[in-house]
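Below, each chain spelled out in residue letters.
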Amino acid sequence: MKFIRKFDIDIIRLKEGEHAFHFEVDDAFMDHFEKVKEVIHHGEVGVDVLLDKRINLIEANFQLQGTVRLTCDRSLEEFNHPLSVSHKIVYKYGQEEKEINDEIFLITKDTQVINVAQLIYEFILLSIPAKKIHPDYRIDDDEVDENDGWIVYEAGEEDDEKDNDKTEQNPFWEALKNFKNNE
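Residues numbered from 1 in each chain as written. Predicted model: local features only at pLDDT ≥ 70, side-chain atom pairs only at ≥ 80, totals over all residues. Heavy atoms only, no water.

**What about the environment of leucine 83?**
Note that leucine 83 resides in strand β5 (residues 78-93). Every residue in contact with leucine 83, bar those within four places of it in the chain, is listed here: Val45, Leu64, Gln65, Gly66, Thr67, Val68, Ile124 and Ser127. (Helix = DSSP H or I, 4+ residues; strand = E, 2+ residues; numbered from the N terminus. Contact = heavy atoms within 4.5 Å.)

Written out as structure tokens, the structure reads:
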């Protein structure tokens, strides 16, 4: 529990305006979260948090820079994967503390401390690719395709010509075109 307090931001004492905080993520941080050790073997990540405190909300901009050690899915060799992540979280003041969605949290006016350890953990995990391939074993097929997972439909010119022929042969369309041209 004492370890997690290193990631506390005492917001009650902050005046309105921007405030910068820096945190270091290392193996001790990774050891605290049990499941992450299955994916990340070592990590050195610097986290810069820029808080913008206003009357009714607090904006927190997270910048994560560093490397994590992963295991290649293809060769089972370990390699360093660079991280460069930025996220924005909004804390709004409300009647109760709860998470509205991934980017908006409700806090009360009496909230004294915001702990960012869980958010940093989630940002690191979300930045790890689903397919972890060692840089030495990457081939062109491994590159991320913008349309990967999406079904793309492209209408061909032949289909358009057939549709145009049908509309020209249909007497109802001819009547509508004549009606449109008369106005």
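Additional details are given in the paragraphs that follow.
**Structural notes on the pairing of strand β4 (residues 57-71)**
Of the strand pairs in this sheet, strand β3 (residues 42-53) and β4 are connected by 12 bridges, and their pairing is antiparallel. Paired with leucine 51 across the bridge in β4 is alanine 60. Between the antiparallel neighbours β3 and β4 lie 3 residues. For β4 and β5, the ladder comprises 15 bridges, and the chain directions are antiparallel. Residue pairing for β5: valine 68 is matched across the bridge by histidine 81. (Pairing = 2+ DSSP bridges.)

**Thoughts on the sheet that holds strand β6 (residues 98-99)**
Judged by pairing direction, the sheet is mixed, and its 6 strands sit side by side in the order β2-β3-β4-β5-β7-β6 without closing on themselves. Every other strand in the sheet has two partners, leaving β2 (17-25) and β6 as the edge strands with one partner each. Strands β2, β3, β4, β5 and β7 (104-107) of the sheet are contacted by helix α2 (residues 117-127), whose axis makes an angle of about 135 degrees with β5. (Axes fitted to C-alpha atoms, helices over the stretch in contact; angles between N-to-C directions.)

**A look at the packing of aromatic side chains**
This structure, assessed with the given rule, holds 4 aromatic pairs. Here the aromatic rings of phenylalanine 62 and phenylalanine 123 are separated by 5.2 Å at their centres, their planes lie at 65 degrees, and the arrangement is edge-to-face. You can see phenylalanine 62 sitting in strand β4 and its partner phenylalanine 123 sitting in helix α2, a full 61 residues away along the chain. For phenylalanine 62, a relative accessible area of 0% corresponds to the buried category. (Phe/Tyr/Trp six-rings, centres within 6.5 Å; stacked < 30°, edge-to-face > 60°. Buried < 20%, exposed > 50% of the residue type's maximum accessible area, 1.4 Å probe, protein only.)

**A word on the pattern of salt bridges**
Inspection of the entire model under this criterion finds 7 salt bridges. Measuring nitrogen to oxygen at the nearest pair gives 3.1 Å for the salt bridge that ties arginine 69 to glutamate 78. Arginine 69 sits in the partly exposed class, given a relative accessible area of 25%. We note a salt bridge from lysine 132 to aspartate 73, for which the minimum N-O separation is 3.7 Å. In this pair, lysine 132 sits in the loop between α2 and α3 (157-169) while aspartate 73 sits in the loop between β4 and β5, placing the two residues 59 residues apart along the sequence. Taken together, the shared-partner salt bridges connect Asp52, Arg54, Glu59 and Lys88 into one network. (Salt bridge = Lys/Arg side-chain N within 4 Å of Asp/Glu carboxyl O.)

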